[in-house]
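# Results of the structural survey
Each chain, letter by letter, is given below.
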There are 4 protein chains.
Amino acid sequence: MNDIELGAATNVIEAAEAKAEEIDVPMCIAVVDRGANLVAFHRMDGAMLASVDIAQGKAYTAVGLRMPTDELAAEAQPGESLFGVEATNDGRIVVFGGGFPLRSDGEIVGGIGVSGGVVDEDMAVAEAGVEAFEEE
Amino acid sequence: MNDIELGAATNVIEAAEAKAEEIDVPMCIAVVDRGANLVAFHRMDGAMLASVDIAQGKAYTAVGLRMPTDELAAEAQPGESLFGVEATNDGRIVVFGGGFPLRSDGEIVGGIGVSGGVVDEDMAVAEAGVEAFEEE
Amino acid sequence: MNDIELGAATNVIEAAEAKAEEIDVPMCIAVVDRGANLVAFHRMDGAMLASVDIAQGKAYTAVGLRMPTDELAAEAQPGESLFGVEATNDGRIVVFGGGFPLRSDGEIVGGIGVSGGVVDEDMAVAEAGVEAFEEE
Amino acid sequence: MNDIELGAATNVIEAAEAKAEEIDVPMCIAVVDRGANLVAFHRMDGAMLASVDIAQGKAYTAVGLRMPTDELAAEAQPGESLFGVEATNDGRIVVFGGGFPLRSDGEIVGGIGVSGGVVDEDMAVAEAGVEAFEEE
């Protein structure tokens with residue numbers, strides 16, 4: 001697959017929304033392509049305004065640094081190797097969980113970012129999106 | 001209606017996408033709420049990357065200045081009263097057609113912005129979204 | 001109430017200013033609406049220049065993340081779940097005390113942000129504004 | 001006078017608001033000091049969201065370039081000496097009318113910026129603020 005298509009992105013978002021409804025936390029959900037450019041974004045009714053930016057930042061980060069954002073959290077702590085990374089890339093790097101790369105045949109073809117709840121909730125919703133993508 | 005909901009926003013986007021497919025031009029389509037914050041965004045397969053930003057800017061502008069962006073185009077020309085307005089609001093003001101306010105009971109509750117084709121095409125696609133919103 | 005009005009916002013600011021005068025610390029005080037857009041701002045004579053931005057950021061944060069900014073402080077520490085959140089949203093997120101949501105009938109309709117003293121002073125002044133709003 | 005004080009700034013804003021009410025156009029009104037830093041800002045109920053930024057930009061511009069923004073409009077046209085100036089200073093320069101310096105004993109001590117109507121309306125409201133300041 002050359003790049004993530006809109007149809008795949010909205011499927012990912014729908015799967016994430018279903019999980020968000022299940023845990024009853026309104027979320028912002030963003031999907032970006034392999035160029036880290038936005039493909040689709042949904043803000044569920046009642047989701048926090050600051051999450052509009054954070055969800056997109058997590059998706060950007062997952063592609064831009066090729067890792068889940070929760071793994072980046074460890075590296076971004078004081079004294080660790082990437083301390084301060086969140087200030088780069090015009091502040092689009094987010095260093096806490098809720099962003100994951102989307103892979104096809106082992107290759108990163110896009111990313112998902114979720115924001116709206118506590119970090120564990122964001123991660124669970126994003127993972128539901130990742131699973132839907134991998135099952136396709 | 002207090003604010004535009006995600007369901008209404010995705011209906012608007014779907015109607016716009018149907019028009020974009022009809023004229024065979026891939027588009028970026030953004031819907032914002034009355035506070036000019038993003039509710040939903042879709043980039044159709046093949047749409048230009050710069051349109052990701054332009055579509056969001058048009059939706060922002062339609063709410064922020066309470067007018068269709070094509071009406072702003074005339075006022076923003078050299079010698080006209082709002083020449084230079086596109087540099088305000090951190091560059092989010094777009095001064096050509098493709099952005100429209102979304103009204104409910106005569107009041108602006110959100111906005112749509114479309115980018116991807118020539119301005120007439122962007123406007124036609126955005127207007128299809130506006131019509132779908134008003135029919136609800 | 002649909003949104004916070006200018007009259008309510010200036011009442012909030014006046015109550016906060018009265019508290020700031022009582023403790024003799026000049027403050028910057030900002031009030032935003034439910035969309036996190038600025039409604040009113042006052043810089044008291046002698047207030048620090050950097051507080052112009054910080055006060056607005058605190059008000060933005062209280063609405064954008066739906067919590068008092070002093071509660072966010074704990075979550076934003078190294079090793080905690082939101083470490084690094086202050087770099088999101090173009091640096092408008094402030095992770096120390098002095099920002100509070102403004103509620104009407106339990107719903108967030110705006111926010112207040114105060115900066116100029118030590119954090120405890122900022123919080124006391126902001127809380128005076130919150131109380132004035134809730135008494136209306 | 002060393003700098004414009006909050007009391008003077010709110011008097012300026014009140015005079016401008018009275019004019020805005022007279023012509024029945026809700027406005028955003030900003031006052032900055034001689035350092036071009038914000039002193040006070042009011043968004044009247046119903047004023048456009050994009051005017052939050054434009055009003056502040058006009059006040060900044062009037063102090064930063066030491067001229068009414070409507071005079072700058074002429075110089076910013078294609079072929080004129082300051083063409084393109086609106087892109088400088090992070091986009092805070094506004095090149096249409098509605099911003100004026102505030103003078104005390106002939107010296108610029110601050111600025112007012114007004115946005116919300118057509119340019120002639122913005123200018124009339126800002127001038128009401130200037131007059132109130134000069135009468136003090």
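Let me begin by describing the structure that accompanies this report. Numbering of residues starts from 1 in every chain and runs along the sequence as written. Here the convention is simple: chains get letters from A, ligands get numbers from 1, in the order in which they are written. pLDDT decides what is reported in this predicted model: residues at 70 or higher carry local features, side-chain atom pairs at 80 or more are listed and counted, and totals for whole chains, interfaces and linings draw on all residues regardless. In computing side-chain properties, one takes all heavy atoms of the structure into account and sets aside hydrogens as well as water.

## Concerning the state of the cysteines
Disulfides are covalent bonds that connect the sulfur atoms of two cysteines. To be explicit about the condition: Only a pair of cysteine sulfur atoms within 2.5 Å counts as a disulfide in this structure description. When accessible area is computed with a 1.4 Å probe and restricted to protein chains, residues below 20% of their type maximum are described as buried, those above 50% as exposed, and intermediate ones as partly exposed.
Here the structure, examined in full by the defined rule, presents zero disulfides over all chains. Just so you know, B:C28 is unpaired, no disulfide at all, and the nearest cysteine sulfur is the one on A:C28, 19 Å from it. Assessed through its relative accessible area of 0%, B:C28 is described here as buried.

## With respect to the packing of aromatic side chains
Describing an aromatic ring pair means giving the distance of the ring centres and the angle of the ring planes. We count it as follows: Here is the rule: rings of Phe, Tyr and Trp (six-membered ring for Trp) pair when centre to centre is within 6.5 Å. Planes less than 30 degrees apart are stacked, more than 60 are edge-to-face, and the remainder are tilted. Two conditions define a charge located above a ring, namely a distance within 6 Å from the ring centre to NZ of Lys or CZ of Arg, and an angle within 35 degrees of the ring normal.
Counted by the stated rule, this structure contains zero aromatic pairs over all chains. Cation over ring: A:R92 sits above A:Y60, and NZ or CZ is 4.1 Å from the ring centre.

## Overview of the pattern of salt bridges
Put simply, the rule reads: Within this document, salt bridges are pairs made up of a side-chain nitrogen of Lys or Arg and a carboxyl oxygen of Asp or Glu, the two lying within 4 Å of each other. Strands here are runs of E lasting at least two residues and helices are runs of H or I lasting at least four, both read from the DSSP assignment and numbered beginning at the N terminus.
Tallied over the full model, the rule gives 16 salt bridges over all chains. A:R43 is paired through a salt bridge with B:D33; the nearest N and O atoms lie 2.7 Å apart. One end of the pair, A:R43, is in strand β2 (residues 38-43); the other, B:D33, is in strand β1 (residues 28-33), on a second chain.

## Quick look at the interface of chain B and chain D
Convention followed: The criterion used for residue contact is that any of the two residues' heavy atoms lie within 4.5 Å. When two parts are put together, the accessible area they lose, computed with a 1.4 Å probe and summed over both, is reported as buried area. Here a polar contact means two N or O atoms within 3.5 Å. Within protein one must be a hydrogen donor candidate and the other an acceptor candidate, and residues neighboring in sequence count only if both atoms are side-chain atoms. Amino acids outside the nonpolar list (Ala, Val, Leu, Ile, Met, Phe, Trp, Tyr, Cys, Pro) and the charged list (Asp, Glu, Lys, Arg) are all regarded as polar, and Gly is one of them.
Counting residues at the interface gives 20 residues for chain B, matched by 17 residues for chain D. When the area that chain B buries against chain D is broken down by residue, the three leading residues are B:R66, B:F83 and B:N89, summing to 35%. There are zero salt bridges connecting chain B and chain D. The interface formed by chain B and chain D includes seven residue pairs in polar contact (both at pLDDT 80 or more). By residue class, the composition of the side of chain B that touches chain D is nine nonpolar, seven polar and four charged.

## Thoughts on the packing of helix α1 (residues 6-23) of chain C against helix α4 (residues 119-135) of chain C
Two quantities define a packed helix pair, namely the angle between the axes and the distance from one axis to the other. Residue and element names in this part refer to chain C. Which entries qualify depends on this criterion: For helices, the fitted line uses only the C-alpha atoms of the stretch in contact; every axis is such a line through C-alpha atoms, and the angle between N-to-C directions lies from 0 to 180 degrees. Put simply, angles under 35 degrees are roughly parallel, angles over 145 are roughly antiparallel, angles from 65 to 115 are roughly perpendicular, and the rest are oblique. Working rule for handedness: look at the near helix, and if it is turned counterclockwise from the far one by less than a right angle, call the crossing left-handed; if clockwise, right-handed.
The N-to-C vectors of α1 and α4 enclose an angle of 140 degrees; their axes lie 8 Å apart at closest approach. One element, α1, and the other, α4, form an angle in the oblique class. Considering only the axes of α1 and α4, their crossing is right-handed. Where α1 abuts α4, its residues A8, N11, V12, A15, A16, K19, A20 and I23 lie against E121, A124, V125, A128, G129, A132 and F133. Of the residues in the contact of α1 with α4, the class split is eleven nonpolar, two polar and two charged.

## Some words on the sheet that holds strand β4 (residues 107-115) of chain B
The condition that has to hold: Paired strands, in this sense, are two strands between which DSSP finds at least two bridges.
What the eight strands build is an open sheet, ordered β3(A)-β4(A)-β1(A)-β2(A)-β2(B)-β1(B)-β4(B)-β3(B); its pairing is antiparallel. Each end of this open sheet is capped by a strand with a single partner; those strands are β3 (99-104) of chain A together with β3 (99-104) of chain B. Mean inter-strand twist for the sheet, computed between neighbouring axes without regard to direction, equals 20 degrees. Here six bridges tie β1(B) to β4(B), and the two strands are oriented antiparallel to one another. Considered in β4(B), the bridge of B:D33 is made with B:G110. The sheet contacts of helix α4 (residues 119-135) of chain A involve β3 and β4 (107-115) of chain A, and relative to β3(A) the element is tilted by about 5 degrees.

Interpretation in functional terms is not warranted from these geometric data alone.
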